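# Geometric and topological summary
The lines below spell out each chain.
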Amino acid sequence: MERVVIAGVLTLAAALVALALRRRRPQPPTQPRWQVPTQLDRADFAGGERGWLVAVFTSATCDSCTAATAKARALESPEVAYEEVPYQSRKDLHERYAIDVVPMILAADPDGVVRASFVGVPTATDLWAAVAEARHPGSCPPDPNLL
């Protein structure tokens, strides 16, 4: 009789553990979280005499960085400085601004405040429109997809 009671208690305990495990929700998959700098020290970059800065943080091992730099380089003008910041030669800036993903494109105003940013390779239209809107608010029509 004692063995039957022990078996019953063990069976009940196993059933309760199984029920608890079934109800438990698994953790969601991890999500990447990249920090985008909100302020740059313009003295860290060339072209400080120009009003705006477009900085592209890259790496030699990044295949998509070539496309990002080509699109961002087109923004260089007398009013907009452009600078590529490769990890291999400017590791100090990657560490200073905690850049942990490339390509990262930052558009900063004359005070170094980041007004537009992209992680990854944006379309040329999105990049150019974001920089134009940052420089001259209201110059771009609203995106109908965001309404």
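Residues numbered from 1 in each chain as written. Predicted model: local features only at pLDDT ≥ 70, side-chain atom pairs only at ≥ 80, totals over all residues. Heavy atoms only, no water.

### Description of the sheet that holds strand E2 (residues 80-86)
Note: strands within a sheet are paired through backbone hydrogen bonds, in either parallel or antiparallel orientation. This is how the line gets drawn: At least two bridges found by DSSP between two strands is the condition for calling them paired. Secondary structure elements are defined from DSSP: runs of H or I of at least 4 residues count as helices, runs of E of at least 2 residues count as strands, and each element is numbered from the N terminus. Only the stretch in contact is used when a helix axis is fitted, and all axes are lines through C-alpha atoms; the angle between N-to-C directions ranges over 0 to 180 degrees.
A sheet is described by the order of its strands in space; here four strands give the open sequence E2-E1-E3-E4, paired in mixed fashion. Only two strands of the sheet have a single neighbouring strand rather than two, namely E2 and strand E4 (114-119). Taking the axes of each pair of neighbouring strands and ignoring which way they run, one obtains an average angle of 15 degrees across the sheet. Inspection of the sheet shows strand E1 (residues 52-58) paired to strand E3 (residues 104-108) by five bridges, in the antiparallel sense.

### Details of helix H4 (residues 124-135)
Every α-helix winds through 3.6 residues per turn, so residues three or four apart in the chain are directed the same way. Test applied: Expected helix span is taken as 1.5 Å per residue step, with the number of steps being one fewer than the number of residues. Buried residues are those whose accessible area, probed at 1.4 Å on protein chains only, stays under 20% of the maximum for their type, while exposed residues exceed 50% and partly exposed ones sit between those limits. To obtain the arc, one takes the directions from the helix axis to the C-beta atoms. Here, residues are in contact when the closest pair of their heavy atoms is within 4.5 Å.
The end-to-end C-alpha distance of H4 is 16 Å, a good match for the 16 Å that 12 residues give at a rise of 1.5 Å each. Buried within H4 are the following residues: Leu 127, Ala 130, Val 131 and Ala 134. Here the buried residues of H4 occupy an arc of 95 degrees about the axis, which is enough to place them on one side. Where H4 is buried, its residues contact E1, helix H2 (65-73), E3 and E4.

### Focus on unusual backbone geometry
In this structure, Pro 103 follows Val 102 across a cis peptide bond, with omega equal to -5 degrees. Along the chain, Pro 103 turns up in the loop between helix H3 (91-96) and E3.

### Let's talk about the packing of aromatic side chains
What characterises a pair of aromatic rings is the spacing of the ring centres plus the angle enclosed by the ring planes. This is how the line gets drawn: Aromatic pairs are defined between Phe, Tyr and Trp rings, using the six-membered ring for Trp, whenever the two ring centres lie within 6.5 Å; interplanar angles under 30 degrees are classed as stacked, those over 60 as edge-to-face, and all others as tilted.
This model, assessed by the stated rule, comprises two aromatic pairs. Seen in terms of ring centroids, Phe 45 and Phe 57 are 6.4 Å apart; in terms of plane orientation they differ by 90 degrees. Their pairing is edge-to-face. One end of the pair, Phe 45, is in the loop between helix H1 (2-23) and E1; the other, Phe 57, is in strand E1, with 12 residues separating them in the sequence. Grouping residues by exposure puts Phe 45 and Phe 57 together as buried.

### Let's talk about the pairing of E4
Relative to E4, E3 is paired through five bridges, and the arrangement is antiparallel. Residue pairing across strands places Ile 105 opposite Phe 118, the latter belonging to E4. Here E3 folds back onto E4, and the loop between the two strands holds five residues, one of which, Gly 112, carries a positive phi near 90 degrees.

### Some points on the side chain of Thr 58
What counts is decided by this rule: Polar contacts, as used here, are pairs of N or O atoms within 3.5 Å; protein pairs need one atom able to donate a hydrogen and one able to accept it. Residues neighboring in sequence count only if both atoms are side-chain atoms.
Relative to the assigned elements, Thr 58 resides in strand E1. Take Thr 58: its relative accessible area is 1%, and that puts it in the buried class. Reaching out from Thr 58, the side chain makes a polar contact with the side chain of Glu 84 at a distance of 2.9 Å. Discounting chain neighbours no more than four positions away, the residues touching Thr 58 are Cys 65, Thr 69, Glu 84, Val 85, Pro 86, Tyr 87, His 94 and Val 102.

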